[in-house]
Every structure is written in C-alpha cells, then in structure tokens.
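Coordinates in review
Residues per chain, in single letters:
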Amino acid sequence: MADAPAPPPSGEHTATDVALTHPGLPPWPWLLRAIALFWLVYFVFDAASGLLSALRSLFVILLVSLFLSLALEPAVDWLARRGWRRGSATGLAIVVLLVATAGFGVVMGSLVVNQVSDFVDEAPQYLQDIEDWVNDRFDADLEFDDVIADLEDPDGAARQFAEDLAGNALAFSVAAIGVLFQMLSVLLFTFYLVADGPRLRRTICSVLPAHQQRRVLWAWEIAIQKTGSYLYSRLVLATFSAGATMLVLGIIGVPYYVALALWVGIISQFIPVVGTYLAGGLAVLVALLNDPVDGVLTLVFIVVYQQIENYVFAPRVTAHTLQLHPAIGFAAVVVGGSVLGPVGALLAVPIAAVLQAFISTFGERHEVVDSDLTQEVPAPRARRSWLPWRRDGGDD
C-alpha cells in the first residue's frame, strides 16, 4: 500500500484546502490574474481615450478634407476629361473655393463692421426715440439719460469695453493663426485626396479580391454622388433664397441688402436646423435698426419665403438630388453636433445620405403586410362651390 501524503506543517494550508473550506472563494492564482487583467484593460482604455482626445483635431481635419475631396471630385473629373492635368484641375477647383469663401467673408465683414459702427454712433438717438415713444404712448416716466450719457462718455463703460476688446487682439490673432493653420492642413489633405484619387483607389483595391474591389469602388462612387448632390441642392436653394432676398430688401430700402441677401442664402442652406433663424434674424435686426416698419416687412418676407421654399422649391430640388427624410436629417445633425461640434453638424446630412444609400442597397427588404397602420389614407377631395368663401368643401 502506498504511503499517504504527509500532512502540511502546522499552521500552513494549501490552495485546495482553502477552496474546500471556503467554496465561494476562488483560488489565489486565478484571483491575481483577474486583478492584473482588470488593471491592464483599464490602463489600455485610458491610454486609448487620451490618444483619441489628442488626435481629435486631426480626425476632424481628415473628415473635412474627405468631404471636400468628395465634393470637388466631379468638377475635377469634368476638367480632366477635357484635357486638364488632374493636379492643375484640383488646384483650380480649390482656388475657386477659396475665392468664393474669401469674398463672402469680406462682404460679411464689411457689413458687420459698418453696421456695428453705425449702431454705436446712433445708439443714443435710438434710446431717446424709444424713451419718447414709450412715455407718449403709455404715459410713463422712462428715462435713459444715464445710459445715453454713459454711451457718449469717452471714459464710460462702453468705451472701457471697447478698450478691453482691443486688448484681447493678441489672443484673437493667435486663434486666427490656429484656424489658418487648420485651413491650410485641410486644403493640403484635400488636394492630395483629389489629385491622387485614382492612384489612391488603385492602391486600396490592389490588396482586395475582385468582388470586394467592386464594392469599395461602388461605395466610393455613391459617396461622391451623394456629397455632390447635397452641395448642388444647397447651392440651388441658396441662389433662390439670395435672389429673392436681394430683390425684396432692395425694394423695401434696407441698407446692405446685397450682403444680407448673401448671408441669408448661404447661412440658411448650409447650417442645418438653426441656419434659417440665424440668417433671418440678422436681416430683421438690420432692417429694424434702419426703420421699425422695414423690420416688420422683412420679418413677414422671411416667414412667407420660408413656407414657399419648404413646400415648393425644396421638394422639387431635393427630389432630383438628395433624398433624405427630414427626421433622419435632424437626428443626424443632433448626433453630429454632439460628437464633433459645429463641424459634425455641418457634415451630418451628407454622411447620413451616404449611410442611407448603403443600407438601402445592402439591407434586405420584405413585402409589407396589409394593415390599417401601414396604409396611407388619401385626403378627401374638396367639393367646389360657387361661393368664394365656401371653397373648402362646405355644403352649398
């Protein structure tokens, strides 16, 4: 008979003894490995989070560059088919984009500077007119004498605010240099993405089998088409909006109506959700400072034109360019703004359109069963009446 193993020395216990005496407690080696693995995963995720946070600006630059490259690709291809070298065509497209952006900035900058200067000069008279009007209409005793005196005082709070603002010119200059550097980085990446587009696509496709190459090229083509369609539809609607605004504000007599028309046309179309309010609000404010009646007329025009655009122009333009449900577009703007801020909100709509195209192509569709919840009930046709105020289908 084999000898039984010797018992452990007094006061010592093996891992098996601990597991038997305490069934809920895991063995020590496993517990130590679990603790080490936990802290390893924690430090890896913490390092990855810090790295992503540090590279966030680079990611935004690359995303904007990719969007611009997709938008400029059709124009560069059009020039290349007519004998232009791809690098020269890309440079021309970028120069046109820069000139248009700089022109808009100069026009709007002059508008802001002149309007603010005029407002500061005429602010005391505005306050005096408001005081007289309120006191005459409501038999009140409103006085703005102290405020007017402070505005006219060279050492007042308004002057001090202007001096403090001038004192921050260095900070503004540093911020402007940072923005300029980011813009140059975006343009550089955009140039190489467009000018070397065919070579880049060949490099990517060279490591993929034939069926995957076709999918990648199809996805690239869809992205170019949807991005170009988005810009085309926005430019068309911006042209309509700017033309109508220029005509109406010119007739009303609002100052700087050309700059305001450009502002309304571009901001209302290229800034999702809040662009309409920002564009119309500035136009109404400038008209209101010129004449209260002009402000009211401008507000009425903005509201009426917005309804015409929503129900007449936009459906016809987007039906041939970018088909995206309004709810999906709004949700995309909210998500994009939450993740990447203003840049994400601007790029959210074309990205959502591309994703929708991918899902509609690769997603599986089934026949919808008949149900009252899925049937669209047509609106009843109104019966005609010989009474002009009874055209809504009332009884004769």
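Up top you'll find the structure we're talking about.
Residues numbered from 1 in each chain as written. Predicted model: local features only at pLDDT ≥ 70, side-chain atom pairs only at ≥ 80, totals over all residues. Heavy atoms only, no water.

**Quick notes on the overall build of the protein chain**
Helix and strand content of the protein chain: 14 helices and 0 strands. Helices and strands appear in the protein chain in the N-to-C order α-α-α-α-α-α-α-α-α-α-α-α-α-α. Within the protein chain, the proportion of its 396 residues that are buried is 27%. Accessible surface, the protein chain: about 27300 Å² in total, of which carbon and sulfur atoms supply 67%. (Helix = DSSP H or I, 4+ residues; strand = E, 2+ residues; numbered from the N terminus. Buried < 20%, exposed > 50% of the residue type's maximum accessible area, 1.4 Å probe, protein only. Areas by Shrake-Rupley, 256 points an atom, 1.4 Å probe, with all protein chains shown as cover.)

**Brief notes about helix α9 (residues 210–252)**
Between its first and last C-alpha atoms α9 spans 63 Å; for 43 residues at 1.5 Å apiece the expected length is 63 Å, and the two agree. Of the residues trailing α9, glycine 253 is marked for its positive phi of about 100°. (Expected span 1.5 Å × (residues − 1).)

**Focus on helix α8 (residues 197–205)**
The complete set of buried residues in α8 reads Gly197, Arg201 and Cys205. Here the buried residues of α8 occupy an arc of 65° about the axis, which is enough to place them on one side. The exposed residues of α8 that point more than 90 degrees off its buried face are Arg199 and Arg202. (Arc of directions from axis to C-beta.)

**Description of the nonpolar core**
One finds Phe67, Tyr230, Leu231 and Val333 to be the most contacted residues of the largest nonpolar core, which totals 17 residues. Looking at this core, the elements with two or more residues in it are α3 (56–80), α9, α13 (326–340) and α14 (342–362). Take this core: its biggest share by element is 6 residues, from α3. Formed by 8 residues, the second largest nonpolar core is a distinct cluster that contains Val76, Ala93, Ile94 and Val194. (Core = buried A, V, L, I, M, F, W, Y, C linked by side-chain atoms within 4.5 Å.)

**Comments concerning the environment of leucine 66**
Its place among the elements puts leucine 66 in helix α3. Remark: the alpha-carbon pair of leucine 66 and phenylalanine 189, spanning 123 residues in sequence, is separated by 8.0 Å.

**What about the packing of α8 against α9?**
Between two packed helices, what matters for the description is the angle formed by their axes and the separation of those axes. Their axes nearest at 10 Å, the elements α8 and α9 cross at an angle of 145°. Crossing of α8 against α9: the hand is right-handed. Side by side, α8 and α9 meet where Leu200, Arg201, Ile204 and Cys205 of the first sit next to Gln213, Val216, Leu217 and Trp220 of the second. Among the residues making up the contact of α8 with α9, the classes are represented as 6 nonpolar, 1 polar and 1 charged. (Axes fitted to C-alpha atoms, helices over the stretch in contact; angles between N-to-C directions. Left-handed = near helix turned anticlockwise from the far one by under 90°. Contact = heavy atoms within 4.5 Å. Nonpolar A, V, L, I, M, F, W, Y, C, P; charged D, E, K, R; others polar.)

**Here's the deal with the pattern of salt bridges**
Summed over all chains, the structure comprises 3 salt bridges. With a shortest N-O distance of 3.1 Å, arginine 201 and glutamate 73 are connected by a salt bridge. Linking arginine 201 in helix α8 with glutamate 73 in helix α3, this pair joins segments that are 128 residues apart in sequence. There is no split in this pair, since arginine 201 and glutamate 73 are both buried. A salt bridge links arginine 86 to aspartate 77, with the shortest nitrogen-to-oxygen separation between them at 2.9 Å. The exposure class of arginine 86 is buried, given its relative accessible area of 17%. (Salt bridge = Lys/Arg side-chain N within 4 Å of Asp/Glu carboxyl O.)

**Quick word on the packing of aromatic side chains**
Tallied over the full model, the rule gives 8 aromatic pairs. Put simply, the rings of Phe38, Trp39, Tyr42 and Phe43 touch in pairs and so form one group of aromatic residues. Across from the ring centre of tryptophan 220, 5.3 Å away, lies the NZ or CZ of arginine 201, which sits over that ring. (Phe/Tyr/Trp six-rings, centres within 6.5 Å; stacked < 30°, edge-to-face > 60°. Lys NZ or Arg CZ within 6 Å of the ring centre and 35° of its normal.)

**Things to note about the packing of α9 against helix α10 (residues 257–270)**
Contact geometry for α9 and α10: axes closest at 8 Å, N-to-C directions at 150°. On the basis of the axis angle, α9 is roughly antiparallel to α10. Two packed elements cross with a definite hand, and for α9 against α10 that hand is right-handed. Only Tyr257, Val258, Leu260, Ala261, Val264, Gly265, Ile266, Ser268, Gln269 and Phe270 of α10 make contact with α9, whose side of the interface consists of Tyr230, Leu231, Arg234, Leu235, Leu237, Ala238, Ser241, Ala242, Thr245, Met246, Leu249 and Gly250. Counted by class, the contact of α9 with α10 contains 15 nonpolar, 6 polar and 1 charged residues. (Parallel < 35°, antiparallel > 145°, perpendicular 65-115°, else oblique.)

**Examining the environment of leucine 200**
Residue placement: leucine 200 occurs in helix α8. Classification of leucine 200 by relative accessible area gives partly exposed; the value is 30%. Contact partners of leucine 200, with chain neighbours within four places excluded, come to Leu193 and Trp220.

**What about a nonpolar patch on the surface?**
A cluster of nonpolar side chains, namely Val296, Val300, Val304, Ile308, Tyr311 and Val312, defines an oily patch on the protein surface of about 550 Å² accessible area. Tracing the backbone through its elements, the reader meets tyrosine 311 in helix α12 (residues 292–319). (Patch = residues over 30% accessible without salt bridge, like charges linked within 9 Å, V, L, I, M, F, W, Y side chains within 5 Å.)

**Here we look at the environment of valine 194**
Turning to its location among the elements, valine 194 is positioned in helix α7 (residues 169–195). Considering only alpha carbons, one finds valine 194 and serine 69, 125 residues apart in sequence, at a separation of 5.5 Å. Apart from the residues within four sequence positions on either side, valine 194 is in contact with Ser69, Leu72, Glu73, Val76, Arg86 and Thr90.

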